[in-house]
Amino acid sequence: MAGEDAAESRRKHLLNLICEVKARLDGKVDSLSFPIPQFIVIGKQSVGKSRLIEALAGETFNFVSGTLGSRRPTVLEFRNVPGLSPSRWSVFDENLKRWSSYPVQEVMQIVGSAHEACGQNVSELPIRVKVEGEDCTDLGLVDLPGFRTYAKDDAMQALAKKIDTLVFKFMNDENNIMLCVEEAGDAANLATLGKAKQVDPTYKRTILVRNKLDKYYNDLTPENVNKWLEGYGDLPQHLARFAVSLPHWTGDAMPKPFGEMRKECSERDIETLASKKASSRYKMTIGFQNFRNFMEIKIQQLFADALAPMLTRLKNMQEEHEKKLQVIRQEMETINEDNILHATRSAGITFAQSFVFLMEGALSSEHNRCTLEEELRAFHKYCAKSESLKEDELMPTSFEDLDSYIAYLRDTVKLPAMDVQLNGGAQFRRLMYEVEVFTRFAGLGKKLEPVDVIQARGSGLRECTWQDVITQLMMQTAPTRMRTKTKYVGERLKFFFAEQKEATVEFMLGLQGSPEEHMYSRRIPKEAQVIERNDTMKRCIFQAFDDACDRHKSRFMQMWCDFMDSMFQSPLMLLKSGSMPSIGDDFDEEKAPTFETTKARIEKERRGRGTLQSALREKVKQIPDDDVKANDSVKMVERIIEQTFAVIRSVVADHMQLYSESFFLLPMLRRLEGVMAQMELQEDDKISYRARKSVLEDERKISQGMLTDLNYCVEAVQRFKVTYGGGQ
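Computed from a predicted model, the values in this text were never measured in an experiment.

J.: Looking at this structure, how should I read the sheet that holds strand E7 (residues 176-183)?
T.: The strands making up a sheet associate through hydrogen bonds between their backbones, and the pairing can be parallel or antiparallel. On the basis of which strands lie adjacent, the open sheet formed by 9 strands has the order E4-E3-E5-E2-E6-E1-E7-E8-E9 and mixed pairing. Whereas interior strands pair on both sides, the edge strands pair on one side only; in this sheet they are strand E4 (98-102) and strand E9 (240-243). Pairwise comparison of adjacent strand axes, ignoring direction, gives a mean angle of 25° for this sheet. Both strand E2 (residues 74-80) and strand E5 (residues 127-133) contribute to a ladder of 7 bridges, which runs parallel. The residue of E5 that forms the bridge with Phe78 is Val131.

J.: Explain the packing of aromatic side chains here, please?
T.: Summed over all chains, the structure comprises 28 aromatic pairs. On the basis of an interplanar angle of 50° and a centroid distance of 5.8 Å, the ring pair of Phe556 and Phe664 is categorised as tilted. Taken together, the residues Phe556 in helix H17 (residues 535-569) and Phe664 in helix H22 (residues 656-677) connect sequence positions 108 residues apart. Here Phe556 matches Phe664 in class, with each residue buried. Cluster of aromatic residues (ring-pair linked, three or more members): Phe351, Phe355, Phe428, Phe496, Phe497, Phe542, Phe545, Phe556 and Phe664. Over the aromatic face of Trp228 sits the side chain of Arg210, whose NZ or CZ is 4.1 Å from the ring centroid. In this structure, Lys485 packs its charged tip against the face of Phe438, placed 4.4 Å from the ring centre.

J.: Just checking my understanding: could you explain helix H10 (residues 372-386) for this structure?
T.: An α-helical turn contains 3.6 residues, so any two residues separated by three or four positions project in the same direction. Compared with the 21 Å implied by 1.5 Å per residue over 15 residues, the 21 Å span of H10 between its first and last C-alpha is a close match. Phi turns positive, to about 60°, at Glu387, one or two residues after H10.

J.: Is there a simple way to think about the pattern of salt bridges in this case?
T.: When charged atoms on two side chains of opposite charge get close, those side chains can pair. On inspection of all chains with the given rule, the structure shows 33 salt bridges. Between Glu124 and Lys169 there is a salt bridge, and its shortest N-O distance comes to 2.9 Å. Taken together, the residues Glu124 in the loop between helix H3 (104-116) and E5 and Lys169 in helix H4 (residues 154-172) connect sequence positions 45 residues apart. With a relative accessible area of 46%, Glu124 lands in the partly exposed category. Here Glu491 and Lys553 are joined by a salt bridge, their closest N and O atoms 2.2 Å apart. Placement of Glu491 in helix H15 (residues 466-510) and of Lys553 in helix H17 is noted, with a sequence separation of 62 residues between them. On the basis of relative accessible area, Glu491 is assigned to the buried category, the value being 3%. One network of salt bridges, in which partners are shared, links Glu373, Arg377, Asp403, Arg410 and Asp419.

The rules behind these values
- Residues numbered from 1 in each chain as written.
- Predicted model: local features only at pLDDT ≥ 70, side-chain atom pairs only at ≥ 80, totals over all residues.
- Heavy atoms only, no water.
- Pairing = 2+ DSSP bridges.
- Helix = DSSP H or I, 4+ residues; strand = E, 2+ residues; numbered from the N terminus.
- Axes fitted to C-alpha atoms, helices over the stretch in contact; angles between N-to-C directions.
- Phe/Tyr/Trp six-rings, centres within 6.5 Å; stacked < 30°, edge-to-face > 60°.
- Buried < 20%, exposed > 50% of the residue type's maximum accessible area, 1.4 Å probe, protein only.
- Lys NZ or Arg CZ within 6 Å of the ring centre and 35° of its normal.
- Expected span 1.5 Å × (residues − 1).
- Salt bridge = Lys/Arg side-chain N within 4 Å of Asp/Glu carboxyl O.

Below, the structure written as structure tokens:
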């Protein structure tokens, strides 16, 4: 007897524990990620769903008044308390976080008013009711609005659809066990069971309750009773199912106490079906008492199984909210009037350091990773929106559209990592390949005419050599054509850096708990949390970053333009071949150099250095001065200009990566910390910080309240495990 009392006490404490945890955390956590099982009651209107719930409570009641029925979940907690009569009714106060007891009539008014307050709408916010009495069944369940099979007008049809959406949301939750209430009949007419099958095809969390069994007594015979109990082959063998009759009477007054009538109905069901030769293997599925026993055992098993994962989840949430509260407090300290500027600069410096790490090849950030095709399409959209480049500046003239250019890069150039999603330093390296190819498409774009040469040659009043003519003609169009390509490169670099801001923040956030954490300062993830939470600080840092990009882009463009102007103004003086020796069959690697051979090698390399220059000068000397041969002169001048431009174009393309890194990337990496250290806040930013402070105070209160609830729940579960030996 003492063992039975201990088991009963444990069961009641377990049910109360789960009920308390659900009440405290409902609406604050995602039910899909929080493993608390519960029973939900589903069914059409008028199938006896409410009477089944009354039978579990041990007395009759009616929560809903009016014609619209229930429109929100009603969470019901039933507790069996021997000797307690009449039952004690309570409603959970969401503000005080405790149960308040009321007379049953007042509870019905409170619940009815909560439903009526929804009007023609529905609400997911539940109202919680507890019933304690000697006829109660020990369990908790959620009574959901019944499916509507008839709607008289458009408003009722709209309400019916909202109810379907609400109920299906509960049905889709894997933590919910569905009590599917149907009116007794053949399995083909079980419409609600069909809906349950949509979300639970194997019926592992579905329990079928066929109600109003006594209405079908006369339809059952010794020949068909077992087939009916089996569902005529339409119900799977593993589906938990029960056939029950519940008390009903004519008139307002009950002829007997509800508990007695419930017991009589259960006994009559068993006796009647036994008299019709029902198989003994179905005995435990007949009558309310067998259903009640099954439910009490089932809910205890479910809750006991859920106790360990629930405690784990509670502890994880507790740790998460402790960290969140710590971040909130840290942010509140940083945005005090005296600390705002220092905190913003400090976070900006940490951001700049992290940007350097990302560009050096940190692999942990996955934000804004993209293939080259995705990058180019995004760049074209950016240019179209910002109008930073014209359409003819975005595409080499040889291609009809972006698709053909991308296909060329992929199929002809076979550009490395074309279809690999990259960011950071690896993406920059791929960008350099693409802009080099783009630069090599530069052309003069204009055929040289005799009149151009004649005008450049002059009237003869002053001496003008063919070398001067070539220089003058090149300066007319060549620098502009090359500047167009370098402008594209500058915009590509600026766009690339702008896309790395969020990737840098994600890298900073991802360090905590990662294998790379020990390689970097512990300040990085802390500052990242503040940046991510504080929109004003984030905006200030990103704006300083963008401003630095603009300045470095301008310097980059100016340096490139100066470099190209110097080449075009003295092309024959500045263009020289490389001095690297060619490696052929006669290259003797094993021969040790002597002083004489070294002198000979240097003389050879010096001669090779001027090979291109000498070749072009020889061609210039061959241009005829005679006016009769003007056409030949034009062709030769045009050929020399094209050759010279080709060499300059190759030099620019060959050095694109070197100059991009030297004039843009490295200055950005070296000076960004200094830029962040010199940030100044605008008055609007200071106002935003003040507004942020009040928001943080609200967040702190909410987070502190959540942490208080979690601490209570963790202590309660741990106390239960210590007292009753765990949940197994």
